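Below are the chains, spelled out letter by letter.
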2 protein chains.
Amino acid sequence: MEQRVHEETLDPQDWQALRDLGHRMLDEMLDYLEQVRERPVWQPAPQAVRRQFKQPLPLEPQAPEQIYEQFKNTVLAYPMGNIHPRFWGWVMGTGTPMGMLAEMLAAGANPNLGGGDHAAAWMESQVLDWCKAMMGFPLEAGGLLVSGGSMANLVGLTVARNTKAGFDIRTAGLENAPKPLRMYGSVEMHSSIQKAVELLGLGSQALRQIPVDEHYQIDVKALETAIARDRRAGYQPICVIGNAGTVNTGAFDDLQSLADICQQEDLWFHVDGAFGALSVLSPQLEALVAGMQRADSLAFDMHKWMYLPFEIGCALVRREEDQRRAFSLTPDYLSHATRGLAAGKTWFSDYGVQLSRGFRALKAWMSIKENGIHKYGRLIQQNVDQAHYLASEVDDHPELERLAPAPLNIVCFRYTVPEKDDEALNALNQELLLRLHESGIAAPSYTTLNGKYALRAAITNHRSRREDFDLLVEYVVRIGRELAPAF
Amino acid sequence: MEQRVHEETLDPQDWQALRDLGHRMLDEMLDYLEQVRERPVWQPAPQAVRRQFKQPLPLEPQAPEQIYEQFKNTVLAYPMGNIHPRFWGWVMGTGTPMGMLAEMLAAGANPNLGGGDHAAAWMESQVLDWCKAMMGFPLEAGGLLVSGGSMANLVGLTVARNTKAGFDIRTAGLENAPKPLRMYGSVEMHSSIQKAVELLGLGSQALRQIPVDEHYQIDVKALETAIARDRRAGYQPICVIGNAGTVNTGAFDDLQSLADICQQEDLWFHVDGAFGALSVLSPQLEALVAGMQRADSLAFDMHKWMYLPFEIGCALVRREEDQRRAFSLTPDYLSHATRGLAAGKTWFSDYGVQLSRGFRALKAWMSIKENGIHKYGRLIQQNVDQAHYLASEVDDHPELERLAPAPLNIVCFRYTVPEKDDEALNALNQELLLRLHESGIAAPSYTTLNGKYALRAAITNHRSRREDFDLLVEYVVRIGRELAPAF
């Protein structure tokens, strides 16, 4: 080296200053979490806040303290609300303080979980083994931690397509399929299933949508009829998708019957258990998922009903080899070694879409150890008990009407006025929900069931208490009464 | 509420104890980062460490302090090594202390970036606008932050397929394609392109692999010939994939010529700029990516050459509407509102595979502000200068042989002994690399170029200094000399 070259780094010039800022961030985030109950769930932001995110690309450095202040004044001041005890919109996770600390450690250590022989990779295998144990899958099954339910469904359905196509679809493509491939699930399937089927090139028409009964469960007879009809018409049925907890009402398909059909018909059995699969952890609920352990592939989220911070979901595949064969593609520059850093039995990139992969295993590993699985079971049961509590409050109140069964953690209901028709009630409840959001009191979301606009509370929140549902009912009735004359 | 029910939570019973532990974690992680240079890059772990990850599912809680100790004794003691100044394996990111703090804040706030009207969503839009500005894309283009390059390529190629198929492929599927669809790129394409094409149902045979010239750039004439031949044979060409920085050697295709061809032939132009696209930030390098701004879609990583913690990549799509039409699927329970929490112009879930999405925007937003884009340009240039420095050290050393041009940040070379043939040298260099990994001194990776096993240093590391490359050369030669007699 002839001359001294000036070389820069992104490490701080002043470690102590960054350290001080980091400690302040940590303290204030813990304050924020500890006091979250005292704040509004959500509130609309002034235009001045929105305008802060219309700035030109920063060319020169800004002071870290000011950047952090701006974060507090925007993100913490105008949050989505899903970490609040009275947020029950869509199906969201809450996160935990320990999950936050785990994410800090993961980002600091910053390993790449594409593969390799290092402790973070063994930890991910450990978490996958625990997932298999939770779900009743054999230890030798395949699996992958993914971004969430959508990706877990995509992984499962890719393996289904590739395994059951009956020809080398990875090379030859669908253009060489001897017969058009078909998949089956109920009309209550989650949208991510359709998205996956479209992505896979099958087209949404290849996803047969089977009707449900009054419990929102798939009509098994109609399914058998559809499969038989498709076979006669020259199609090739390859996969049945069972719901373990539908997004609209929390319904469970009869998974045993679906498993039987798949066995008889030689079809792949995929279970979308995005949140419902975790019911297995509660002794009172596990009967709901009977048959789930017979699935060829299972998708579920851990950032919903395991309350971990985003993003983490899991795909399990009964026969590891099916999963590897669907995804592995190991070129020269990635060929695996027998010793050194590039060794390691499992290269996770061989089992899914991603090559570089973050260390999402850490928050699962730390949290499962922190709480123990029994506590997750109790909390899941607690949420279901809260849903039943809310459902009974709704049923007991003359101005409220329940719009669907509440077998699990989802309650769909509306404010009613005897003389009003559905059209008027739909408009009234729509406005009611917006006012409820704007009040900052509570945040359920909404859906439409048989043409009726429903307030929908999906409870996957470890901070909720029964008093929170009392408050929801109180405000829904109060706002409903205020609005009723105008609708 | 009739009776008091015991309700649990995952919030700590003792906030102060968790707070103390959090501060200790933060201090020790910052120590770890500050001292990373003093540690071995990588080292093999004893069996006792691996056995810690073969435990049964924890049923009851464990003490947080013990969990954290176990993390330190395993993950921090036996790391992948990619945050070390002398790690140049594959193409990895390094992460930064500020990126770590940002991930802590993101996990604490824990918003869901599927969509909605809240500050985190406006921040993601801001980061996307900055990405467009960096890459020379129009502000009205579509875009999405994703897990990394593999997903960004999948997003781009999905939009390509759906937009150029010429029929309603989302509904009808590939089984109804009037003609078989074909895509084109060079033999040096990244494996994630093939993975995406397989996932999309086209089959790898639909991805035409065009030869490269001696600079590892796509042979443009051969591409034109292949397109014409396919058209004559009844295929439907839909997309050309250009490389901005190949993974083997860092080569750039002639993107202007590819853009011209796509324009003439009415093909989708996708650029895989996983790490190379960021060259645009250095005034000395930006000529390499000339034509990139003409792409219909562009994929790049921000956890590689922007040094952010995993995971973050970006897909840009010139016409937002193409991207929305390829992915949007908005059922009743997700229909977007005009007011309240569920409002918001952009629902990110309409633009990609994921529905629930984490807050990866925060680390990008904070880091870009912390450093300013000019600094990223200088660091990227610094890595390229370091590659040239290493290349010249290799060229100057009689026992080392360079095996490919080094136009960017990747240097492929080997230890040589005059009388030995390639077979012997391959075996020698393979063992050399393992010993180098096991020494803990440095971690390049490897590839095979024209049958020759090459040590491969890909420099996307803001902690590397020139002296680190001196040490690499010193140890490669030292280990090579030790090994030579045995091969």
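It should be emphasised that the depicted structure is a prediction, and the values quoted were computed from it without experimental measurement.

Thoughts on the overall build of chain A
Scanning chain A from terminus to terminus reveals 15 helices and 12 strands. In terms of overall size, chain A behaves like a compact globule, its C-alpha atoms giving a radius of gyration of 25 Å where 487 residues would be expected to give roughly 23 Å. Viewed in the frame of its principal axes, chain A has a C-alpha envelope of about 90 × 65 × 45 Å. The burial tally for chain A puts 59% of its 487 residues in the buried class. Counting contacts in chain A only where the partners sit at least 6 residues apart, residues at least 24 apart contribute 73% of the total.

Some words on the environment of Lys-164 of chain A
Residues and elements named next belong to chain A. In this structure, Lys-164 sits in helix α6 (residues 149-164). Lys-164 gets classed as partly exposed once you count the C-beta atoms within 10 Å, which come to 19. Setting aside residues up to four positions removed in sequence, Lys-164 forms contacts with Ile-238, Cys-239 and Trp-268.

With respect to the interface of chain B and chain A
When the parts of a complex come together, some accessible area is lost, and that lost area is often used as the size of the interface. With 151 residues of chain B at the contact, the number on the chain A side is 151 residues. Classifying every residue of the side of chain B that touches chain A gives 78 nonpolar, 47 polar and 26 charged.

Re the relation of the copies chain B and chain A
Screw-axis analysis of chain B against chain A gives a translation of 0.0 Å along the axis, an RMSD of 0.0 Å, and a rotation angle of 180°. The transformation just described matches what one would write down for a two-fold rotation axis. When the interface residues of chain B are mapped onto chain A, 100% of them again lie at the interface, so the same face is used by both copies.

Here's the deal with the sheet that holds strand β1 (residues 87-88) of chain B
Residue and element names in this part refer to chain B. Here five strands make up an open sheet; going across it, the order is β1-β11-β12-β10-β9 and the pairing mixed. Every interior strand has two partners, whereas the edge strands, β1 and β9 (400-402), have only one. In this sheet, strand β12 (residues 452-458) lies alongside strand β11 (residues 443-449) in antiparallel orientation, the contact comprising five bridges. Each bridged residue has a counterpart across the sheet, and for Ser-445 the counterpart in β12 is Arg-456. Along the sheet, helix α14 (residues 422-439) makes contact with β10 (410-415), β11 and β12, crossing β12 at roughly 35°.

Section: the sheet that holds strand β2 (residues 142-146) of chain A
Residues and elements named next belong to chain A. The seven strands lie next to each other as β2-β8-β7-β6-β5-β3-β4, forming an open sheet whose pairing is mixed. Since the sheet does not close on itself, it has two edges, and those belong to β2 and β4 (207-210), each with one partner. If you compare each strand with its neighbour and ignore which way they point, the axes differ by 20° on average. With five bridges connecting them, strand β7 (residues 297-301) and strand β8 (residues 313-317) associate as antiparallel partners. Residue Phe-300 lies in a different strand from β8, and its bridge partner there is Cys-314. Along the sheet, helix α5 (residues 119-135) makes contact with β2, β7 and β8, crossing β2 at roughly 110°.

Let's talk about the pairing of strand β2 (residues 142-146) of chain B
Along a regular strand, successive side chains alternate from one face of the sheet to the other. Residue and element names in this part refer to chain B. The buried count for β2 comes to five of five residues, which makes it a mostly enclosed element. Neither face of β2 is exposed, since Gly-142, Leu-144 and Val-146 on one face and Gly-143 and Leu-145 on the opposite face are all buried. Bridge analysis of β2 against strand β8 (residues 313-317) gives five bridges, and the strand direction is antiparallel. What sits directly across from Gly-143, in β8, is Leu-316.

Concerning the pairing of strand β5 (residues 236-243) of chain A
Residues and elements named next belong to chain A. The element β5 is extensively covered by neighbouring structure, given that seven of its eight residues are classed as buried. Of the pairings in the sheet, the one linking strand β3 (residues 181-186) to β5 comprises four bridges and is parallel in character. The partner of Met-183 across the bridge, within β5, is Cys-239. The pairing of β5 with strand β6 (residues 268-272) spans five bridges and is classified as parallel. Residue pairing for β6: Cys-239 is matched across the bridge by Trp-268.

Here's the deal with helix α3 (residues 64-76) of chain B
With 13 residues, α3 of chain B extends 17 Å between its outermost C-alpha atoms, agreeing within 8% with the 18 Å of an ideal straight helix rising 1.5 Å per residue. What α3 of chain B keeps buried is the set Pro-64, Ile-67, Tyr-68, Phe-71, Thr-74 and Val-75 of chain B. With its buried residues spanning 140° around the axis, α3 of chain B presents them on a single face. Turned more than 90 degrees away from the buried face of α3 of chain B sit Glu-65, Gln-66 and Glu-69 of chain B, all of them exposed. Next to the buried residues of α3 of chain B lie α4 (97-109), α5 and α12 (361-371) of chain A together with α1 (15-34) and α2 (47-51) of chain B.

A look at unusual backbone geometry
In this structure, Glu-311 of chain A follows Phe-310 of chain A across a cis peptide bond, with omega equal to -5°. Relative to the helices and strands, Glu-311 of chain A resides in the loop between β7 and β8. The backbone of Tyr-307 of chain A shows a phi angle near 65°, a positive value even though the residue is not glycine. You can see Tyr-307 of chain A is positioned in the loop between β7 and β8. You can call Tyr-307 of chain A buried: it has 27 C-beta atoms within 10 Å. Look at Asn-110 of chain B: it is not a glycine, yet its phi comes out positive at around 50°. With respect to the element layout, Asn-110 of chain B can be found in the loop between α4 (97-109) and α5 (119-135).

Considerations on the domain arrangement of chain A
Residue and element names in this part refer to chain A. Annotation of chain A at the domain level lists domain 1 (12-42 + 79-95 + 372-487) and domain 2 (111-371). If you average the C-alpha positions of domain 1 and of domain 2, the two centres end up 29 Å apart. Each partner contributes residues to the interface: domain 1 has 25 residues there, and domain 2 has 27 residues. Of all the secondary-structure elements, those providing two or more residues to the side of domain 1 that touches domain 2 are α13 (373-396), β10 (410-415) and β11 (443-449). Looking at the side of domain 1 that touches domain 2 element by element, the count peaks at seven residues for α13. A per-class count over the side of domain 1 that touches domain 2 returns 14 nonpolar, 10 polar and one charged.

Re the environment of Asp-301 of chain A
Among the secondary structure elements, Asp-301 of chain A is positioned in strand β7. The contact partners of Asp-301 of chain A, leaving out residues within four places of it in the chain, are Gly-148, Gly-149, Ala-274, Phe-275 and Gly-313 of chain A.

A closer look at the packing of α4 of chain A against α12 of chain A
Residue and element names in this part refer to chain A. With their axes 8 Å apart at the nearest point, α4 and α12 run at an angle of 145° to one another. Considering the relative orientation of α4 and α12, their crossing is right-handed. Contacts between α4 and α12 involve Met-98, Gly-99, Ala-102, Glu-103, Leu-105 and Ala-106 on the former and, on the latter, Leu-362, Lys-363, Met-366, Ser-367 and Glu-370. Grouping the amino acids of the contact of α4 with α12 by side-chain chemistry returns six nonpolar, two polar and three charged.

A word on the packing of helix α1 (residues 15-34) of chain A against α4 of chain B
At a minimum axis distance of 10 Å, the contact between α1 of chain A and α4 of chain B shows a crossing angle of 5°. Between α1 of chain A and α4 of chain B, the angle falls in the class roughly parallel. For the pair formed by α1 of chain A and α4 of chain B, the contact residues are Leu-18, Gly-22, Met-25, Leu-26, Met-29, Tyr-32 and Leu-33 of chain A on the first element and Pro-97, Leu-101, Met-104, Leu-105 and Gly-108 of chain B on the second. Taken together, the residues of the contact of α1 of chain A with α4 of chain B break down into 10 nonpolar, two polar and no charged.

Thoughts on the environment of Ile-373 of chain A
Checked against the element boundaries, Ile-373 of chain A lands in helix α13. Between the C-alpha atoms of Ile-373 of chain A and Asn-383 of chain A, which are 10 residues apart in sequence, the distance is 16 Å. Once residues within four sequence positions are removed from consideration, Ile-373 of chain A is found in contact with Met-134, Leu-281 and Ile-368 of chain A together with Leu-57, Pro-58 and Leu-59 of chain B.

Conventions we followed
- Residues numbered from 1 in each chain as written.
- Chains lettered and ligands numbered in written order.
- Predicted model: local features only at pLDDT ≥ 70, side-chain atom pairs only at ≥ 80, totals over all residues.
- Helix = DSSP H or I, 4+ residues; strand = E, 2+ residues; numbered from the N terminus.
- Rg over C-alpha atoms; globule rule 2.2 N^0.38 Å.
- Buried ≥ 20, exposed ≤ 12 C-beta atoms within 10 Å, placed from the backbone.
- Contact = placed C-beta atoms within 7 Å.
- Nonpolar A, V, L, I, M, F, W, Y, C, P; charged D, E, K, R; others polar.
- Least-squares fit on C-alpha atoms with pLDDT ≥ 70 in both.
- Pairing = 2+ DSSP bridges.
- Axes fitted to C-alpha atoms, helices over the stretch in contact; angles between N-to-C directions.
- Expected span 1.5 Å × (residues − 1).
- Arc of directions from axis to C-beta.
- Domains from an automatic or database assignment.
- Left-handed = near helix turned anticlockwise from the far one by under 90°.
- Parallel < 35°, antiparallel > 145°, perpendicular 65-115°, else oblique.

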